[in-house]
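# Commentary on secondary and tertiary structure
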Amino acid sequence: MDNSLPPADELVLVDRELAQLDARRSQLLARRAWLVRVLHAPVASAALPPRPPVADSTPRSAQNVLLTLGGTLLTIAAIAFTLVSWGSMGIGGRAAVLSAVTAAALVAPVALLRRSLVSTAEAVAALGMILMVLDAYALHRVALPDTDGLGYAAVAAAVLTAAWTAYGSALSRLRLPLPVAVAAGQLPLPLGVLAAGGGPTAFAWAALLTAAADGAVVLWARSAPVRITAVTGAVALGGWALLTGGLLSFTSPWDGAPLLLAGAAVTLYVAWRGPALAVAASAVAGLAAVTAVGGLLRAAVPADWAVPGYMLCGLATASVWWLRAGTAGTTSASAPEAGTRPDGSRAETVGARLPAGVRLGLACAGAATAALGVVWALPPVAGGLLGPLARTTEVWSGEHAEHAPASYPGTAVLVLAVAAAALAALPRLWARCGALALVWAFLTALPVSLGLPFAATLALQLLTSAAALWIAVRPGPATRGLRTSAAPGERSGVPGTESGPGAPTSPVAAPSGPAAAGPSAPPAAGPGAPWPGWAPVRPRTQTPVIAPGTALGWSAYAGGLASAVSAVALALDVRVATFLALGVVLALCSAVTVLGVDARRVVSACAAVLTATGLVFAVAAAGGFEDHWTALALLLVPAATAALGARAPRPVALALEITGGTVGLLALGIAAARPAFLALALALGGVIAAATAVRPERRRFAAWTAAALFLSATWVRLAVWEVATPEAYTLPVTVPALVVGFLRRRRDPEASSWTAYGPGLAATLLPSLFAAWTDPEWVRPLVLGVAALVVTLLGARFRLQALLVLGGTVLALDGLHELAPYVVQAVGALPRWLPPALAGLLLLAVGATYEQRLRDARRLRDRVARMR
C-alpha cells in the first residue's frame, strides 16, 4: 500500500479523526435523547385546588338573618309592652323603662362599632329608632292625649327626623339612620298642612317644598341609600304636586300656574346641578312650564285658540336647544354671548350657558307639546282626504256633501302651519320631510277648516297634487340648507348630541401617531400582540344613508298621489269636473313617468293607465254606451300601453303592459254578457298581443297569448253560430299545433314526435273518434278512418312513433266500430258450436308458434321504441 505519510504520522491522524467522530456522535445522541423526552413526555395535568365545601349560606348572610330576626322579636316585644303592659305601671316606672331601654339601644351601637361589630350595631340601632317611635306614641297617649293627632304626628316626625339625622351623622358607619331620617322627613309638612285644614292646593305646596328639600339632599348627599331614598320621595311628592298643579291649570289657572312654575324651577335646578338626572328632570320642568303658561293663555283667549297657545309655549320651550351649551356653574361672563340659529346665523343669548342635558330635556318637552298639537289638528286633514271617498250623493248629481268635521275649530290649520314652519327651520332631513308632510296636511285641511266651496276645494286639491308631484320629480329646492350627514363616529346636530358652533370643546387631545392615520393604520404593538406592529382590526360597518332627494321625493310623492285620488273622488259630483280632474291627473302621472326616477316612474305609469281607464269609463257613461260597447272602448287602453311599451324603458314598459293587460281582462269580463261581442273583444285582444309579439323580448309570451285569444275568439264565435261539429273547434287548434311541431322538428331533428305532433293530432283525432262512435252516419267514420290511415302511413314512412301509435289506435278503433255490426250478424248466423271451435283452433295455433310469436312481438316493440 503506497502511503504519502509515514505510518506513525498517519496513525496519529487516524486516531485524531476517530476521536472527533466519537465526540460528535456523543453530542448527537444527547440531542436525540432530549428531543425524545420533549416529544413523548407525559403531559402533567394541573392539580386542581381543593374545592371548599359549599355552605348553605355565607357567614355574613347568616349573621344578617339572625340579627334581623332578633331585632324583629325585640320590636314585637316592645310594641306588646307599650300597648298591653303599659297601664300596669306607674308614671315613674313607665318613664324609667322607656328611657333606659331607648338609651341603651341608642348607646349600644357605639361600643359595638368599636369592636367592629357593624351588623350588630345596625340591628341594635334599628331597634333604638323603633323604640323612639314607640316613645313618641306613648307620650301622646299618656301626657298629651288631647293634642290633635295629625299635628302631633307632624311635630313628632320633625323631631324624629332631626334626632335621627344627628344620630346618623354622629355614627357615620351606620347606614340605616340617615335613610330613615330622609324617609321620616317626608311627613312633617304634608301632615302639618292636613292638621291645619289646608286644601289640595296647600297640600300640593307642602309636597313641593318637601320635594325641593329632597332635591337638595340628592345634590349634596354622598351616601347612595340616602340619595335613593330622597329621589323616591322627591318623585312621589313632586309628582303629586305637579299633577295637582296640572289639574288646577284647567279649573283655576291662576292657582295652578304658580305651583307649576315653582315646581318647574325646582326641577330645573336639580337638572342643572345633577347631570345624571338632567334630561328627565328638565323634560318634567319644561312640561310643567308649558302647562302653567298655556293654562294662563287658555283662560285669556277664546276656546278655539287654546291649543295654538299651548303649541306656541311648547315651541318657545323647544327653542332653547339653539342656545349655546355649557357646563353647570358657568356664567355668561365666561362664555361668548352668541348662539346659533337653524340657518347658521348668530343669535345673542342671555344668562348662563345651559348644559346639554338640560337643553335636550327642554327641547323634548317642547317637541312633545307641539306633537300633541299636531295630533289635535289631524281630524280636518282626515276629513279633507277621506271625505270625498265616503260618498253620500249620486255620481254626477251636482249635489255636494258637507265638509266633515264641520264644527272643528278653524285654528287647526294654523297649528299645522306653525308646526311646518318650525320644522322647516331645522336643517335636518327628518325635519324637512316632516315639514313637507305638514304643508301637505295644511293644504288638505284648509278647505274643511275654511268651508271652501266645491270648485275652490277641487282646484286646491289638484294644485296640491301638482305641487307635491313636482317636488317628487325635482326635490332639489326642498333640499337647500340641509346639513350633510356626519361621518361615522362624528356627532350630529340632532337633539341628544353636540355639534355646531354651540358644542363644547372636548378636553381630550387629538390622536397622534397610528391612531391619527385612520382606520386602516395598525395599532401600536402591545404586550398581547403576536409581534410588533400588528394587531387585528375589526372592520367598521357603516349604515347606508338615504339621499335627501330620495327621502323628500318619496314623501312628496305619497302626498301627491293621495291628493290626486281624493280630487278624482270629489270631482265625481259634477260631469265636467270629472273630466277635468281625470285629465289633470293623467297629465301629472304621465309627467312623473317621463321625468321621474326609480320606482316612482313605475308607480306613476300604473297610475296613468288606471286614470286613462277611468277616463274611458267617463266617456262611455257620458255617451250612454251600453256595456258591450264600453268593453270594446276599454280595449283602447291595452292597445295604447302596448304601443307605449315598445318605447318605454324596461321597468316602465313592463308595468304599463301588465296594467294594460289587467284592463283588458276587465273589458272581457264586461263583454261576457254578449257572446258575439266577447268573440270580437277576444279577437281584438289577439291582434294587440300579436302586435306585441313583434318585439323580440315579448315574442314568446305574447305569441302564446295571441294564439290563445284567437282560439278563444273562434270557439266563442262558433258557439254563437250554434255549431255542434267537434272538428270545427279542434281543427283550429290542430293545424297551428302541427305547423309549430313541424318547424320545431326542422330546427331540432332529435325532438320527440310526441312533443312535436302528439298534442296537435290528439286534439282532433280523439274528439272525432268519440263523435264517430255515437254518429249513426257513415261519413264521419269514413273520413276519420282515412285520416287515421294517412297518419299511420306517415308515421311508418318517417319512423315517427306518435303518428304511428295514434293513427293506428284510432284506425283500429274506428274499424272495430264499423265492423262490429257485421261481426255480430255473422256470429249470429253461424252454428253455436263453431265459435268455440274456432277459438280453440286459434289457441292451438298460437301455442304451437308461441316462441316465434313472442320473438315477433319483441322485435315489433323494439322497432317502435327506436322511432322518434
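What counts, and at which threshold
Residues numbered from 1 in each chain as written. Predicted model: local features only at pLDDT ≥ 70, side-chain atom pairs only at ≥ 80, totals over all residues. Heavy atoms only, no water. Helix = DSSP H or I, 4+ residues; strand = E, 2+ residues; numbered from the N terminus. Buried < 20%, exposed > 50% of the residue type's maximum accessible area, 1.4 Å probe, protein only. Contact = heavy atoms within 4.5 Å. Phe/Tyr/Trp six-rings, centres within 6.5 Å; stacked < 30°, edge-to-face > 60°. Salt bridge = Lys/Arg side-chain N within 4 Å of Asp/Glu carboxyl O. Patch = residues over 30% accessible without salt bridge, like charges linked within 9 Å, V, L, I, M, F, W, Y side chains within 5 Å. Areas by Shrake-Rupley, 256 points an atom, 1.4 Å probe, with all protein chains shown as cover. Expected span 1.5 Å × (residues − 1). Axes fitted to C-alpha atoms, helices over the stretch in contact; angles between N-to-C directions. Parallel < 35°, antiparallel > 145°, perpendicular 65-115°, else oblique. Left-handed = near helix turned anticlockwise from the far one by under 90°. Nonpolar A, V, L, I, M, F, W, Y, C, P; charged D, E, K, R; others polar. Core = buried A, V, L, I, M, F, W, Y, C linked by side-chain atoms within 4.5 Å. pLDDT = per-residue confidence, 0-100.

### Thoughts on the overall build of the chain
Looking only at helices and strands, the chain has 32 helices and four strands in total. Among the 868 residues that make up the chain, the fraction classed as buried is 35%. Partitioning the intrachain contacts of the chain with sequence separation of at least 6 by distance along the chain shows that 67% fall at a separation of at least 24.

### Describing the packing of aromatic side chains
Scanning the model with the defined rule gives five aromatic pairs in all. Ring plane angle 35° and centroid distance 5.5 Å describe the contact between Trp376 and Tyr408, whose orientation is recorded as tilted. Residue Trp376 is located in helix α13 (residues 356-376), and its partner Tyr408 is located in the loop between α14 (378-386) and α15 (412-424); the two are separated by 32 residues in the primary sequence. The partly exposed category is assigned to Trp376, whose relative accessible area is 22%. When its relative accessible area of 23% is taken as the criterion, Tyr408 is described as partly exposed.

### A word on the side chain of Thr411
The topology assignment puts Thr411 in the loop between α14 and α15. Judged by its relative accessible area of 8%, Thr411 is buried. Those residues in contact with Thr411 that lie beyond four places of it in its chain are Asp304, Trp305, Pro308 and Trp376.

### So, helix α6 (residues 177-184)
Residues Pro177, Pro179, Ala181, Val182 and Ala184 constitute the buried set of α6. Contact partners of the buried residues in α6: α4 (118-142), α5 (149-170), α7 (188-195), α8 (200-220) and α9 (224-251).

### Observations regarding the pattern of salt bridges
Opposite charge on two side chains permits pairing when their charged atoms draw close. For the structure shown, the criterion picks out six salt bridges. A salt bridge links Asp598 to Arg600; the shortest N-O distance between them is 2.7 Å. Asp598 gets classed as partly exposed once you look at its relative accessible area, which sits at 40%. Relative accessible area serves as the criterion here: at 4%, Arg600 is assigned to the buried category.

### Looking at a nonpolar patch on the surface
Among the surface-exposed residues, Trp778, Val779, Leu782, Val783, Val786, Val790, Leu794 and Phe798 lie close enough to one another that they form a single nonpolar patch of about 780 Å² accessible area. By relative accessible area, which is 43% here, Val790 ends up partly exposed.

### Let's talk about the side chain of Thr613
Examined against the element boundaries, Thr613 turns out to sit in helix α20 (residues 598-623). Leaving out residues up to four positions away in the same chain, Thr613 has contacts with Leu634, Val637 and Val663.

### Here's the deal with helix α24 (residues 675-692)
Think of an α-helix as 3.6 residues a turn; residues three or four steps apart then line up on the same face. Given a rise of 1.5 Å per residue, 18 residues ought to cover 26 Å, and the 25 Å separating the end C-alpha atoms of α24 matches this to within 8%. Residues of α24 that are buried: Phe677, Leu678, Ala679, Ala681, Leu682, Gly685, Gly686, Ile688, Ala689 and Thr692. The secondary structure elements touched by the buried residues of α24 are α21 (627-634), α22 (636-645), α23 (650-671) and α25 (699-720).

### A few points about the packing of α13 against α15
At a minimum axis separation of 9 Å, α13 and α15 run at an interaxial angle of 140°. The angle between α13 and α15 places the two elements in the oblique class. Crossing of α13 against α15: the hand is left-handed. In this structure, α13 contributes Gly373, Val374 and Trp376 to the contact, and α15 contributes Ala412, Val415, Leu416 and Ala419. Considering only residue class, the contact of α13 with α15 consists of six nonpolar, one polar and no charged.

### Structural notes on the nonpolar core
Ranked by size, the top nonpolar core spans 25 residues in total, and within it Ala681 and Leu682 carry the most contacts. At the level of secondary structure, the elements contributing two or more residues to this core comprise α20, α21, α23, α24 and α25. With sequence-adjacent residues up to four places away left out, Ala681 is seen in contact with Leu632, Leu635, Leu668 and Ala671. Counting residues in hydrophobic clusters, the runner-up holds 18 residues, among them Ala377, Leu438, Trp440 and Ala445.

### Comments concerning the packing of α21 against α23
Axis separation between α21 and α23 bottoms out at 8 Å; the angle between their running directions is 160°. As far as their axial angle goes, α23 and α21 are roughly antiparallel. Taken as a pair, α21 and α23 cross one another with a handedness that is left-handed. Here Asp627, Ala631 and Leu634 of α21 lie close against α23, whose contacting residues are Val663, Leu666, Ala667, Ile670 and Ala671. Split into classes, the residues belonging to the contact of α21 with α23 amount to seven nonpolar, no polar and one charged.

### Structural notes on the confidence of the model for the chain
Parts of the model with low pLDDT should not have their predicted coordinates read in detail. When pLDDT is averaged across the chain, the result is 80; 79% of the residues are at 70 or more. Taken together, the stretch residues 43-48 has pLDDT below 50 and engages in zero contacts with residues farther than four places along the chain or on a different chain. Low pLDDT, under 50, characterises residues 325-352; the stretch is placed with 56 contacts to residues that sit more than four places away or in other chains.

### Thoughts on unusual backbone geometry
You will see that Glu722, though not glycine, has its phi angle at about 60°, which is positive. The exposure class of Glu722 is exposed, given its relative accessible area of 70%. A positive phi angle, close to 55°, is found at Arg799, a residue other than glycine. Along the chain, Arg799 turns up in the loop between α29 (779-798) and α30 (801-829). A relative accessible area of 44% places Arg799 in the partly exposed class.

### Structural notes on the environment of Gly583
Inspection of the secondary structure puts Gly583 in helix α19 (residues 575-595). For Gly583, a relative accessible area of 31% gives the class partly exposed. In this structure the C-alpha to C-alpha distance between Gly583 and Thr611, which are 28 residues apart in sequence, comes to 8.2 Å.

### Examining the environment of Glu394
Structurally, Glu394 can be placed in the loop between α14 and α15. Each C-alpha atom, one on Glu394 and one on Val574, is 9.9 Å from the other, the two residues being 180 residues apart in sequence.

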